[in-house]
Amino acid sequence: MAHAAAIELEGLSRVYGERRALDGVSLALPEAATLVVFGPNGAGKSTLLRVLATLLRPSAGSARILGESLPDRSWAVRGRIGLLTHEPLLYGDLSARDNLRLHARLHRVPLERVDELLDAVRLHRRADEPVHTYSRGMLQRTAACRAVLHDPPVLLLDEPRANLDPGASALLEPLIGAESGRTRVLTSHDPAGGLAEADLVLGLKGGRQTFLGTPGDVGVAAVTELYA
Amino acid sequence: MSTVAGPPRVTPTRVAVGALLRKELLLERRAGQVIPAMALFAVTTFVVFRFALDTTSVEGDVASGVLWVTLLFAAMLGANRLFVTDHEEGGLEAFLLAPVDRTSLFVAKATTFFTFLVVLEIVAIPAFVVLLLEPGLPVAALGRLALVLLLADVGIAVIGTLFGALAIQTRSRDLILPLMALPLLVPVVISGAKATAPILAATGAGALPGRYLAVLCLYDLVFGLLAYAVFDFLLDD
């Protein structure tokens with residue numbers, strides 16, 4: 001693992017009106033490492049990802065991604081991060097190919113990359129059908145293609161395998177898995193699976209950081225207790 | 001793959017506008033959510049006016065007023081739909097993740113809306129002539145009518161796009177958009193109607209009042225620049 005910090009957070013908070021969705025999160029994630037974020041529903045996992053994706057401004061504290069400070073240098077981070085959420089962020093009336101070509105143009109990626117990715121996730125046969133006709137798993141595969149289309153060094157993944165069967169999940173491993181070599185922040189509700197792929201583990205509850213450490217330091221029991 | 005030290009990547013605005021325009025037109029061709037609604041609304045309104053005014057034909061100021069009120073409300077219908085798909089299907093968020101100047105979305109949406117308005121008028125003007133207008137509009141007058149319509153369309157597209165983007169982030173967007181946009185569009189409607197009235201006069205197409213065209217040009221310029229300057233902030237968290 002390299003030692004340059006790809007993501008550095010110091011006292012990061014995000015407030016929605018009166019509610020603190022994130023409260024003082026601090027961590028440093030090295031380049032090409034994987035941070036797995038655990039926490040029950042409403043713990044602030046998705047908010048954390050949205051702040052890192054530059055979609056939300058931090059209310060307090062500091063966040064640096066790839067050495068760029070948010071939100072002042074957000075523009076410099078966009079294009080170097082990929083986001084995969086519960087929502088596929090695709091136009092239902094457009095085909096997978098049309099959706100991906102749109103993003104290829106927005107990211108200045110050669111259109112051949114779209115065909116490569118559609119082949120990689122075995123969607124080439126239905127690539128010209130509107131995505132509203134796709135199953136949830138097919139949508140997730142298309143969304144994964146969108147997230148990595150521009151080969152981002154940082155990937156933000158919100159329960160990326162939630163709708164995938166084991167076969168589809170295996171197909172996405174080279175794109176979004178540890179072997180992709182990217183710095184990854186992913187949320188999970190699976191203690192054993194999450195710990196297995198983590199270099200660093202963060203526990204959130206009510207927006208607060210309850211633990212941060214290596215999988216060996218944290219252990220399954222602490223993660224399980226988070227959901228009690 | 002890029003590394004931590006990799007330079008920021010920014011896509012040129014013209015490339016982003018081209019990509020977004022292509023998407024907008026493709027979506028409208030596939031789903032047809034905006035133009036059919038606007039055109040059907042306009043034609044239906046002309047029919048209603050025909051019965052409400054209890055006349056088979058109108059001319060001059062009345063004809064101009066009927067035409068502009070109908071086009072304005074049809075345009076509001078379109079402006080209300082302009083960002084709905086992007087908002088509901090997450091396309092707006094995906095756009096915000098791209099390394100592009102956010103005003104490229106404004107340019108693409110305003111251009112799309114302008115195109116929709118032109119298509120609306122290609123359908124609505126013949127319907128207006130057949131259903132309501134006093135017979136005898138000279139063919140030569142169509143060029144002058146088109147000039148007024150195009151100048152007004154720029155203003156409507158700019159205001160509609162600006163407030164469409166604002167309204168989509170609120171819960172009652174169907175109410176917010178007309179409440180905010182219609183007062184600002186009054187000068188466009190007044191100038192458009194005043195400039196159009198002589199063209200639709202029964203005595204034959206009159207000359208275009210230059211000062212109303214000048215107002216439309218000035219309005220387009222001022223609000224175009226204003227919208228370009230503030231649009232980025234509308235999309236910010």
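Here the structure is a predicted model, which means the values were calculated and not measured.

On to the overall build of chain B, then. In terms of regular secondary structure, chain B is built from nine helices and zero strands. Counted from the first residue to the last, chain B has its helices and strands arranged as α-α-α-α-α-α-α-α-α. Against the compact-globule benchmark of 18 Å for 237 residues, chain B has a radius of gyration of 20 Å, which places it among compact chains. Along the first, second and third principal axes, the C-alpha set of chain B runs to 75 × 35 × 30 Å. Counting the 237 residues in chain B, one finds 43% classified as buried. The contacts in chain B between residues at least 6 apart in sequence include a share of 87% that link residues at least 24 apart.

Two residues of an α-helix separated by three or four positions point the same way, owing to the 3.6 residues in each turn. Given a rise of 1.5 Å per residue, 19 residues ought to cover 27 Å, and the 26 Å separating the end C-alpha atoms of helix H1 (residues 13–31) of chain B matches this to within 8%. Of all the positions in H1 of chain B, only Ala 16, Val 17, Ala 19, Leu 20, Lys 23, Glu 24, Leu 27 and Glu 28 of chain B are classed as buried. Within H1 of chain B, the buried residues cover an arc of 165° as seen down the axis, which keeps them to one side. Turned more than 90 degrees off the buried face of H1 of chain B, the exposed positions are Arg 14 and Arg 29 of chain B. Looking at the buried residues of H1 of chain B, the elements they touch are helix H3 (96–106) of chain A together with helix H2 (35–52), helix H4 (84–89) and helix H6 (103–131) of chain B. Phi turns positive one or two residues past the end of H1 of chain B, at Gly 32 of chain B, with a value near 55°.

Moving on, we come to the interface of chain B and chain A. Each partner contributes residues to the interface: chain B has 28 residues there, and chain A has 34 residues. Elements with a contribution of two residues or more to the side of chain B that touches chain A: H1, H4 and helix H5 (91–96) of chain B. The leading source of residues in the side of chain B that touches chain A is H1 of chain B, at eight residues. Here the side of chain B that touches chain A is built from residues that sort into 15 nonpolar, seven polar and six charged.

Okay, the confidence of the model for chain B next. Residues and elements named next belong to chain B. Here chain B shows a mean pLDDT of 90. Residues at 70 or above account for 95%. Contacts for the low-pLDDT stretch residues 1–5, under 50 throughout, to residues beyond four places or in other chains number 14 contacts. Here the predicted complex carries an ipTM of 0.89, next to a pTM of 0.90.

Moving on, we get to H2 of chain B. Here H2 of chain B contains 18 residues, and its C-alpha end-to-end distance of 25 Å stays within 8% of the 26 Å for a straight helix at 1.5 Å per residue. Its buried side turned inward, H2 of chain B meets helix H3 (60–81) and H6 of chain B.

Turning our eyes to something else, we now look at the environment of Leu 106 of chain A. Turning to its location among the elements, Leu 106 of chain A is positioned in helix H3. Contact partners of Leu 106 of chain A, with chain neighbours within four places excluded, come to Thr 11, Ala 16, Ala 19, Ala 98 and Val 100 of chain B.

What follows deals with the pairing of strand E1 (residues 5–16) of chain A. All names here are of chain A. As paired elements, E1 and strand E2 (residues 19–30) share eight bridges and run antiparallel to each other. Pairing of Arg 14 across the sheet is with Leu 22, part of E2. Joining the antiparallel neighbours E1 and E2 is a turn of two residues, in which Gly 17 adopts a positive phi near 60°. With five bridges joining them, E1 and strand E4 (residues 60–65) adopt antiparallel strand pairing. Each residue of the ladder has a partner; that of Ser 13, found in E4, is Ala 60.

How two helices pack is summed up by the angle between their axes together with the distance between the axes. All names here are of chain B. Running from N to C, H2 and H3 point in directions that differ by 150°, and their axes come no closer than 9 Å. In this view, H2 runs roughly antiparallel relative to H3, as classed from their interaxial angle. H2 and H3 meet at a crossing whose hand is right-handed. Residues Ala 37, Met 38, Phe 41, Ala 42, Thr 45, Phe 46 and Phe 49 of H2 touch H3, and the partners they reach there are Val 66, Thr 70, Leu 71, Ala 74, Leu 77, Gly 78 and Arg 81.

Criteria and thresholds
Each chain carries its own residue numbering, running from 1 in the written order of its sequence. Lettering of chains starts at A and numbering of ligands starts at 1, both following the order in which they are written. It should be noted that, the model being predicted, local features are given only for residues of pLDDT at least 70 and side-chain atom pairs only at 80 or more, the latter also being counted only at that level, while totals for whole chains, interfaces and linings use all residues. The way it works is that DSSP assigns letters per residue, a run of H or I at least four long becomes a helix, a run of E at least two long becomes a strand, and they are numbered from the N terminus. We compute the radius of gyration from the C-alpha atoms alone; for a globule the expected value is 2.2 Å times N to the 0.38, where N is the number of residues. Burial is judged by counting other C-beta atoms within 10 Å of a residue's own C-beta: 20 or more means buried, 12 or fewer means exposed, and anything between counts as partly exposed, with every C-beta placed from the backbone. Here the contact rule is simple: place C-beta atoms from the backbone, and any two residues whose C-beta atoms are within 7 Å are in contact. Here a helix's expected span is defined as the number of its residues, less one, multiplied by 1.5 Å. By arc we mean the arc of the directions from the helix axis to the C-beta atoms, nothing more. Under the scheme applied, nonpolar residues are Ala, Val, Leu, Ile, Met, Phe, Trp, Tyr, Cys and Pro; charged residues are Asp, Glu, Lys and Arg; polar residues are all the others, including Gly. pLDDT is a residue-level measure of predictor confidence that goes from 0 to 100. Strands pair, by our definition, only if DSSP identifies at least two bridges between them. Fitting a line to C-alpha atoms yields each axis, with helices limited to the stretch in contact; the angle taken between N-to-C directions then spans 0 to 180 degrees. Should an angle fall under 35 degrees it is called roughly parallel, over 145 degrees roughly antiparallel, and 65 to 115 degrees roughly perpendicular, with every other angle called oblique. By definition, any crossing whose near helix is turned counterclockwise from its far helix by less than a right angle is left-handed, and any crossing with a clockwise turn is right-handed.

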